[in-house]
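Here is how the chains run, residue by residue.
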Amino acid sequence: MKHFTSIADVQNVDQLVEQAILFKNNPFQSELGKGKKVGLVFLNPSLRTRLSTQVAAQNLGAEAIVLDIGKDGWALEFNDGVVMNGDKAEHIREAAAVMGRYFDILGVRTFPGLTDRSEDYAEILLQSFIKYAGIPVVSLESGTRHPLQSLADLMTIQEQWPHSHKPKVVLTWAPHVKALPQAVPNSFAEWMIQADVDFSIANPAGYDLAPEFSNGVSVFHDQAEALEGADFVYVKNWSSYEHYGQVLSQDEKWTFGQKQLSLTNNAKVMHCLPVRRGLVIKDEVLDSKNAIHLEQAENRVYAAQSILNELLK
Amino acid sequence: MKHFTSIADVQNVDQLVEQAILFKNNPFQSELGKGKKVGLVFLNPSLRTRLSTQVAAQNLGAEAIVLDIGKDGWALEFNDGVVMNGDKAEHIREAAAVMGRYFDILGVRTFPGLTDRSEDYAEILLQSFIKYAGIPVVSLESGTRHPLQSLADLMTIQEQWPHSHKPKVVLTWAPHVKALPQAVPNSFAEWMIQADVDFSIANPAGYDLAPEFSNGVSVFHDQAEALEGADFVYVKNWSSYEHYGQVLSQDEKWTFGQKQLSLTNNAKVMHCLPVRRGLVIKDEVLDSKNAIHLEQAENRVYAAQSILNELLK
Amino acid sequence: MKHFTSIADVQNVDQLVEQAILFKNNPFQSELGKGKKVGLVFLNPSLRTRLSTQVAAQNLGAEAIVLDIGKDGWALEFNDGVVMNGDKAEHIREAAAVMGRYFDILGVRTFPGLTDRSEDYAEILLQSFIKYAGIPVVSLESGTRHPLQSLADLMTIQEQWPHSHKPKVVLTWAPHVKALPQAVPNSFAEWMIQADVDFSIANPAGYDLAPEFSNGVSVFHDQAEALEGADFVYVKNWSSYEHYGQVLSQDEKWTFGQKQLSLTNNAKVMHCLPVRRGLVIKDEVLDSKNAIHLEQAENRVYAAQSILNELLK
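Positions within a chain are numbered from 1, following the residues in the order the chain's sequence is written. Each chain is given a letter, starting from A, and each ligand a number, starting from 1, according to the order in which they appear as written. Totals for whole chains, interfaces and linings use all residues, but because this is a predicted model, local features are given only for residues with pLDDT of at least 70 and pairs of side-chain atoms are given and counted only at 80 or more. Just so you know, side-chain values use all the structure's heavy atoms and leave hydrogens and water out.

### Notes on the pattern of salt bridges
(1) Moving on: Salt bridge, as used here, is a side-chain nitrogen of Lys or Arg placed within 4 Å of a carboxyl oxygen of Asp or Glu. Applying the stated rule across the entire model yields 39 salt bridges over all chains.
(2) Moving on: With a shortest N-O distance of 2.8 Å, Glu90 of chain A and Arg48 of chain C are connected by a salt bridge. Pair noted here: Glu90 of chain A is in strand β4 (residues 90–91) and Arg48 of chain C is in helix α2 (residues 48–59), and the two residues belong to different chains.
(3) Moving on: Salt bridges linked by common partners bring Asp80, Arg93 and Glu94 of chain A together with Arg277, Asp283 and Asp287 of chain C together as one network. Runs of E in the DSSP output that reach at least two residues are strands. Runs of H or I that reach at least four are helices, and both are numbered from the N terminus.

Dropping the structure here:
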């Protein structure tokens, strides 16, 4: 593995999940991180990703150094050929290259602007870091994907599913007050398509994910129909891909509650967090035994550790 | 010890102080922190507490991970049963529970709002972290107490008092331009009441501490009367408990200077820092040999180390 | 070495550079930092200095603890004898002294105000930290100097110059949209004067450096004349010393491009970063083999490590 920005970077997904589970049982079994420095650059805020990746690095014996760009540093220029006489103090060509000289692995978080779809989906920021850093880069969530989350999600499903037959996994949209990225649902879809599960998506009209992420997946615009018999339900809001970055609906009928849960096969309910209670998922579900969002969050540590360990090999 | 939020959590105060002094002599005598992660969550700014607790954790071999909520993270919701469609991105139920999965010990700093007394004194924020984190929680100063400071204060008094008879310890109010919490004086009173000292308080009328903290303590509204023969004077501003959170007086007669010091038994003068020179304590005292505020600050490391070590057992 | 704030603190410059090069070959050869704490206090933002010094400390086995004053802490008072009833929460006398009790070495970054020349050049902030911390202090760039940068610069020149005769080194001013400190050029001049090089400076009229830093150096107001036959060119903007802190010129004829480079002896081109492309140095130079700005940045780690190691002896 050279970088980790999507499932396409993974040679053997099963092995990766297995390694993550081994780390959960014994976090200190690898010392590949000894003397190594992992830089974690955040262009956007983070709680779980930041903490879990720090813990993961430290479990491997590595030093994690966090940098909040814009707050600790300064605004970066990503366009080539410009005369930098505005508010951008440094070009990504230098910033990334310097970090590449200081660190052994570079983690980068960058959110999409949600205004220019082709720009966001070209992943210019993440790709620029990869191009100029010259060291392995790990996506800590980018414009279109959140692969560390998806790996933790897959690991959680595997832990929670003792049966030999395929589980039915449904990703359902839920309302939100803000326009959120498509990164988590995109990424989850991408991983589920490759996993040994029966996967489908439920969302209101206008909220279909980009074809490149939902290709071949059954998409339902009727939530009840999709949820029938589900073993796992991943609840998540996202803004429209078609009407890019827009909030087309805040329909509270899509808020996931006991009513929705009752349609499933006593499903385990998932969310990547942070979750807005009452709006995305109701308390009655989040506080029930069906909710496994905390297991997902915990598994973020071991997903990250598994990736860092792979890149340090 | 399950948590450390007040002196009530301590089984044996003498032993705790003794252990702190042992750590001061040899900071690296315990390796209980090896492989352990200590999360330090600040909902409010901090210099001494942050640095001293990081140093303490590292002395034990543990990793300290600092998170400035609101700056690094986002606004937290503490109320139950609400539909989170406002500016709060995450509920304490998830935030604390996730941190509980990442860390072995969680330190939390949270200041009181100083507007709703019953809310502040119910310690809703701190108690919520305890309720949902599921791991030992250390108060890094809460709405009503600052126990790590008080432990360091007691340790300092013990170091500075070679005699077998009880020292006379006076806590005196001093003026300030801002409305400050009662946490430090509350906590200091709570610890002094249990310590082997003769303790009293001086403050202007309207500034009496909450009965639960000053129960049985002689309170003087005449500073000179209180200071007579004092061996230790703890100078500190606080806002009114009675007229909750209000600044009732900025009377500079209460500023602690040479005049006040001359009334004492050549007392050692204490302050938890930060101290506003000239306003709370005059330069003539802070720059004299009577001032032991830097010893208190230094002892914060060993107080924290003693507590973390206890919780790691 | 007691402190490191300028070349005057260094007993043997050659030995220091040699040690830095040894660390570059083997970063983990010294364990002098084991159990030691290095505090890094930033009153101003930093990317390279912050990251490189953290890496340097960790390479030595020390713990680096970063504090962003003003953001993590609060505004500091530097004047004596004042009644602190304004917005300053703590006096440097206490803040520095407390850090001196927590750390083994204290790094401090503080920018000049660029309005009061005598105040900036008196280095009141840095000197106050030294006066009250009571431990070795390392400048992470101060009002008038950036010695860690200069040490890395000298190391880079030495690495890139295999010949036995002296290289010709030219420091040239370049335009910028903001008023920048004179710290980097001052410091570079100070180190070059002592180094075994032929050193001169090119800048527009009104931009001469302070006499104490450029004493005995040939200063050209004609860039082309200065660049002739140069082996190394250090490009950097600074604001006026004479008309203190002012931007007197934004003349793009001074922007360093292929035209300027062609006047030199195929010079290596240096910059301390961050560099504004197109404004200070053109892409055609920064993306050429002549540019060694990334080598300088990388060497910041080993310069810092060499200094920390010296101070830990």
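The discussion continues.
### Remarks on the interface of chain C and chain A
(1) Moving on: Whether two residues are in contact is decided by their heavy atoms: any pair within 4.5 Å suffices. Listed per partner, the contact involves 32 residues of chain C and 30 residues of chain A.
(2) Moving on: Roughly 2,700 Å² is buried in total at the junction of chain C and chain A, and carbon and sulfur atoms are behind 58% of that figure.
(3) Moving on: Considering only the side of chain C, the residues that lose the most area to chain A are Leu47, Arg276 and Arg277 of chain C, jointly responsible for 24% of the buried surface there.
(4) Moving on: There are 5 salt bridges connecting chain C and chain A.
(5) Moving on: Arg101 of chain A is the salt-bridge partner of Glu295 of chain C, the closest N and O atoms lying 3.2 Å from each other.
(6) Moving on: Whenever two N or O atoms come within 3.5 Å, that pair is a polar contact, provided that in protein one can donate a hydrogen and the other can accept it, and provided that, for residues adjacent in sequence, both atoms are side-chain atoms. At the junction of chain C with chain A, the criterion picks out 13 residue pairs in polar contact (both at pLDDT 80 or more).
(7) Moving on: Secondary structure elements with two or more residues in the side of chain C that touches chain A: α2, α11 (283–286) and α12 (293–312) of chain C.
(8) Moving on: The greatest single-element share of the side of chain C that touches chain A, amounting to 8 residues, is contributed by α2 of chain C.
(9) Moving on: Taken together, the residues of the side of chain C that touches chain A break down into 14 nonpolar, 7 polar and 11 charged. Buried area is a sum: the accessible area each of two parts loses on coming together, probed at 1.4 Å, counted once for each and added. We call Asp, Glu, Lys and Arg charged. Ala, Val, Leu, Ile, Met, Phe, Trp, Tyr, Cys and Pro are nonpolar, and the rest, Gly among them, are polar.

### Overview of the sheet that holds strand β2 (residues 63–68) of chain C
(1) Moving on: Between any two strands, at least two bridges found by DSSP are needed for them to pair. One open sheet holds the 4 strands; their spatial order is β2-β1-β5-β6 (chain C), and the pairing between them is parallel. Bordering the open sheet on either side are β2 and β6 (137–139) of chain C, each of which pairs with just one other strand. On average, each strand axis in the sheet is inclined to that of its neighbour by 20°, with strand direction left out of account.
(2) Moving on: The sheet contact formed by strand β1 (residues 37–42) of chain C and β2 of chain C spans 6 bridges and is parallel. Bridged to Gly39 of chain C within β2 of chain C is Ile65 of chain C.
(3) Moving on: A fitted line through C-alpha atoms represents every axis, and for helices the fit uses only the stretch in contact; the resulting angles, taken between N-to-C directions, go from 0 to 180 degrees. Those strands touched by helix α2 (residues 48–59) of chain B are β1 and β2 of chain C, and its axis lies near 170° from that of β2 of chain C.

### Notes on the relation of the copies chain A and chain B
(1) Moving on: Overlaid copies result from least-squares superposition on C-alpha atoms, with residues included only where pLDDT is at least 70 in both. Laying chain A over chain B is done by rotating through 120° and shifting 0.0 Å along the axis; what remains is an RMSD of 0.0 Å. A rotation of that kind, with that shift, is consistent with a three-fold axis.
(2) Moving on: A distinct binding surface is used by each copy, with only 3% of the interface residues of chain A retained as interface residues in chain B.

### Remarks on the relation of the copies chain C and chain A
(1) Moving on: Relative to chain A, chain C is turned by 120° and slid 0.0 Å along the rotation axis, the superposed coordinates differing by an RMSD of 0.0 Å.
(2) Moving on: Interface overlap between copies: only 3% of the residues of chain C at the interface are likewise at the interface in chain A, consistent with a contact formed by different surfaces.

### Here's the deal with the UniProt feature "domain: Aspartate/ornithine carbamoyltransferase Asp/Orn-binding" (unreviewed entry) in chain A
(1) Moving on: In the UniProt entry, the feature "domain: Aspartate/ornithine carbamoyltransferase Asp/Orn-binding" (unreviewed entry) is given for residues 184–308 of chain A.
(2) Moving on: In residues 184–308 of chain A, the share of helix is 35% and the share of strand is 13%. The end C-alpha atoms are 20 Å apart. UniProt positions are given in the numbering used here, feature names are shortened, and annotations may be inferred rather than shown by experiment.

### Points about the sheet that holds strand β1 (residues 37–42) of chain B
All names here are of chain B.
(1) Moving on: Across the sheet, which stays open at both edges, the 4 strands sit in the order β2-β1-β5-β6 with parallel pairing between neighbours. The open sheet has two edge strands, β2 (63–68) and β6 (137–139), and neither has a second partner. Within the sheet, the average angular offset between the axes of one strand and its neighbour, ignoring direction, is 20°.

### Notes on the domain arrangement of chain A
Residue and element names in this part refer to chain A.
(1) Moving on: Throughout, the edges of the domains are those of an automatic or database domain assignment. When the domains of chain A are assigned, the result is domain 1 (7–145 + 300–312) and domain 2 (149–297).
(2) Moving on: Using C-alpha coordinates to define each centre, domain 1 is positioned 25 Å away from domain 2.
(3) Moving on: Facing 26 residues of domain 1, the contacting portion of domain 2 comprises 30 residues.
(4) Moving on: By the criterion of area lost to domain 2, the three top residues of domain 1 are Ile7, Leu114 and Tyr121, representing 29% of everything that side buries.
(5) Moving on: Salt-bridge contacts for Glu190 lead to Arg145; the nearest nitrogen and oxygen are separated by 2.9 Å.
(6) Moving on: Seen at the junction of domain 1 and domain 2, the total is 10 residue pairs in polar contact (both at pLDDT 80 or more).

### Side note on the interface of chain A and chain B
(1) Moving on: Counting residues at the interface gives 32 residues for chain A, matched by 30 residues for chain B.
(2) Moving on: The junction of chain A with chain B conceals about 2,700 Å² of combined surface from both sides, 58% of it contributed by carbon and sulfur atoms.
(3) Moving on: Three residues stand out in chain A for area buried against chain B, namely Leu47, Arg276 and Arg277 of chain A, and they jointly supply 24% of the buried area on that side.
(4) Moving on: The interface formed by chain A and chain B includes 5 salt bridges.
(5) Moving on: Viewed at the interface, chain B and chain A are joined by 13 residue pairs in polar contact (both at pLDDT 80 or more).
(6) Moving on: Elements with a contribution of two residues or more to the side of chain A that touches chain B: α2 (48–59), α11 (283–286) and α12 (293–312) of chain A.
(7) Moving on: In terms of residue class, the side of chain A that touches chain B is made up of 14 nonpolar, 7 polar and 11 charged.

### Details of the packing of helix α1 (residues 13–25) of chain C against α12 of chain C
Residue and element names in this part refer to chain C.
(1) Moving on: For the pair α1 and α12, the least separation of the axes is 8 Å and the interaxial angle reads 115°. The two elements α1 and α12 meet at a crossing, and its hand is right-handed. Contacts between α1 and α12 involve Leu16, Gln19, Ala20, Phe23 and Lys24 from the first element and Glu298, Asn299, Tyr302, Ala303, Gln305, Ser306, Ile307, Asn309 and Glu310 from the second. Throughout, a crossing is termed right-handed when the near helix is turned clockwise from the far one, and left-handed when it is turned anticlockwise from it by less than a right angle.

### Brief notes about helix α6 (residues 147–160) of chain A
Because an α-helix completes one turn every 3.6 residues, residues spaced three or four positions apart along the sequence face the same direction.
Residues and elements named next belong to chain A.
(1) Moving on: An ideal rise of 1.5 Å per residue puts 20 Å on 14 residues; α6 measures up with 20 Å between its terminal C-alpha atoms.
(2) Moving on: The buried label goes to any residue with under 20% of its type's maximum accessible area, the exposed label to any with over 50%, and the partly exposed label to all in between, with areas taken from a 1.4 Å probe on protein chains only. Among the 14 residues in α6, 11 count as buried, and that is most of the element.
(3) Moving on: Among all positions of α6, only Pro147, Leu148, Gln149, Ser150, Leu151, Ala152, Asp153, Leu154, Met155, Thr156 and Ile157 are buried. Helices are assigned an expected span. That span is 1.5 Å times one less than the residue count.

### A look at unusual backbone geometry
Residues and elements named next belong to chain A.
(1) Moving on: Cis geometry is found at the peptide bond from Leu273 to Pro274, where omega equals 0°.
(2) Moving on: By the element assignment, Pro274 lies in the loop between β11 (268–270) and α11.
(3) Moving on: Of note, Glu123 is a non-glycine position whose phi angle comes to about 55°, a positive value.
(4) Moving on: In this structure, Glu123 sits in the loop between α4 (117–121) and α5 (124–133).
(5) Moving on: Residue classification places Glu123 among the buried residues on the basis of a relative accessible area of 9%.

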